Amino acid sequence: MDRVGIGIIGCGNISAAYLKGARGFPILDVKAVADLNPAAAEARGAEFGIPAATVEGLLADPAIDIVVNLTVPLAHVEVGLKAIAAGKHVHS
């Protein structure tokens, strides 16, 4: 089975639930986390052993097939449209 590369943008409280849940799906390979606040991405990445990236870096990563958009409502549409423009599938 080919694994699917996942990138999570938005490292607030709900991201921990998504990252824990992803462990239960062998097909998912969380490649990176990012946040508009780089310190939040670094902290969440360290907590789960996943690399932190900038939003732009995550979107440019060819190993990421799907972006899980967990951003705050104010940033949600902008981040989602950037992910689509980068050729990614988006889960919101």
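Position labels on residues start from 1 in each chain and follow its written sequence. Totals for whole chains, interfaces and linings use every residue, but because this is a predicted model, local features are given only for residues with pLDDT of at least 70 and side-chain atom pairs only at 80 or more, for both listing and counting. Only hydrogens and water are set aside when side-chain values are computed; all heavy atoms of the structure are taken into account.

Caption draft 1: Structural view of the overall build of the protein. Numbering goes from the N terminus for both helices and strands, where a helix is a DSSP run of H or I of at least four residues and a strand is a run of E of at least two. In terms of regular secondary structure, the protein is built from 4 helices and 5 strands. Moving toward the C terminus, one meets the helices and strands of the protein in the order β-α-β-α-β-α-β-α-β. We compute the radius of gyration over the C-alpha atoms and compare it with the globule rule, which gives 2.2 Å times the number of residues raised to the power 0.38. Taken over C-alpha atoms, the radius of gyration comes to 12 Å for the protein, in line with the 12 Å a tight globule of 92 residues would show. Relative accessibility under 20% of the residue-type maximum defines a buried residue, over 50% an exposed one, and the middle range a partly exposed one, all with a 1.4 Å probe and only protein chains included. Counting the 92 residues in the protein, one finds 38% classified as buried. In this description, contact between two residues means that some pair of their heavy atoms is separated by no more than 4.5 Å. Contacts spanning at least 24 positions in sequence make up 59% of the contacts within the protein whose residues lie at least 6 apart.

Caption draft 2: Structural view of a nonpolar patch on the surface. For patch detection, residues must exceed 30% relative accessible area and be free of salt bridges, and they are connected within 9 Å for like charges or within 5 Å for nonpolar side chains (Val, Leu, Ile, Met, Phe, Trp, Tyr). In this description, accessible areas are obtained by the Shrake-Rupley approach with a 1.4 Å probe, and a residue is regarded as covered only by the protein chains that are shown. We count a salt bridge whenever a side-chain nitrogen from Lys or Arg sits within 4 Å of a carboxyl oxygen from Asp or Glu. On the surface, V77, L81, I84 and V90 cluster together into a nonpolar patch covering about 360 Å² of accessible area. When residues of the nonpolar patch are assigned to their parent elements, the largest contribution, 3 residues, is made by helix α4 (residues 73-85). Assessed through its relative accessible area of 30%, V90 is described here as partly exposed.

Caption draft 3: Seen up close, the sheet that holds strand β1 (residues 4-9). Paired strands, as defined in this entry, are two strands with at least two bridges between them according to DSSP. As summarised here, the arrangement of the 5 strands in space is β3-β2-β1-β4-β5, forming an open sheet in which the pairing is parallel. With partners counted over all chains shown, the strands left at the sheet margins are β3 (52-53) and β5 (89-91), one partner each. Pairing of β1 with strand β2 (residues 28-34), which is carried by 6 bridges, proceeds in the parallel orientation. Each residue of the ladder has a partner; that of G7, found in β2, is A32.

Caption draft 4: Quick look at the side chain of N69. Within the secondary structure, N69 is located in strand β4 (residues 66-69). Sequence-distant contacts of N69, that is, excluding residues within four places in its chain, are made with I9, H76, V79, G80, V90, H91 and S92.

Caption draft 5: Region of the structure containing the pairing of β4. Sheet analysis places β1 next to β4, joined by 4 bridges and oriented parallel. Counted as the bridge partner of G7 is V67 from β4. Bridge analysis of β4 against β5 gives 3 bridges, and the strand direction is parallel. Along β5, the bridge assignment pairs V68 with H91. With strands facing away from the observer, any crossover in which the path from the first strand over the helix to the second runs clockwise is taken as right-handed. With α4 bridging β4 and the parallel β5, this β-α-β connection has right-handed handedness.

Caption draft 6: Region of interest: the pattern of salt bridges. Enumeration according to the criterion identifies 4 salt bridges in this entry. With its nearest N and O atoms 2.9 Å apart, the salt bridge here joins K31 to D29. Residue classification places K31 among the partly exposed residues on the basis of a relative accessible area of 32%. Overlapping salt bridges, with partners in common, bring together R3, D29 and K31 in one network.

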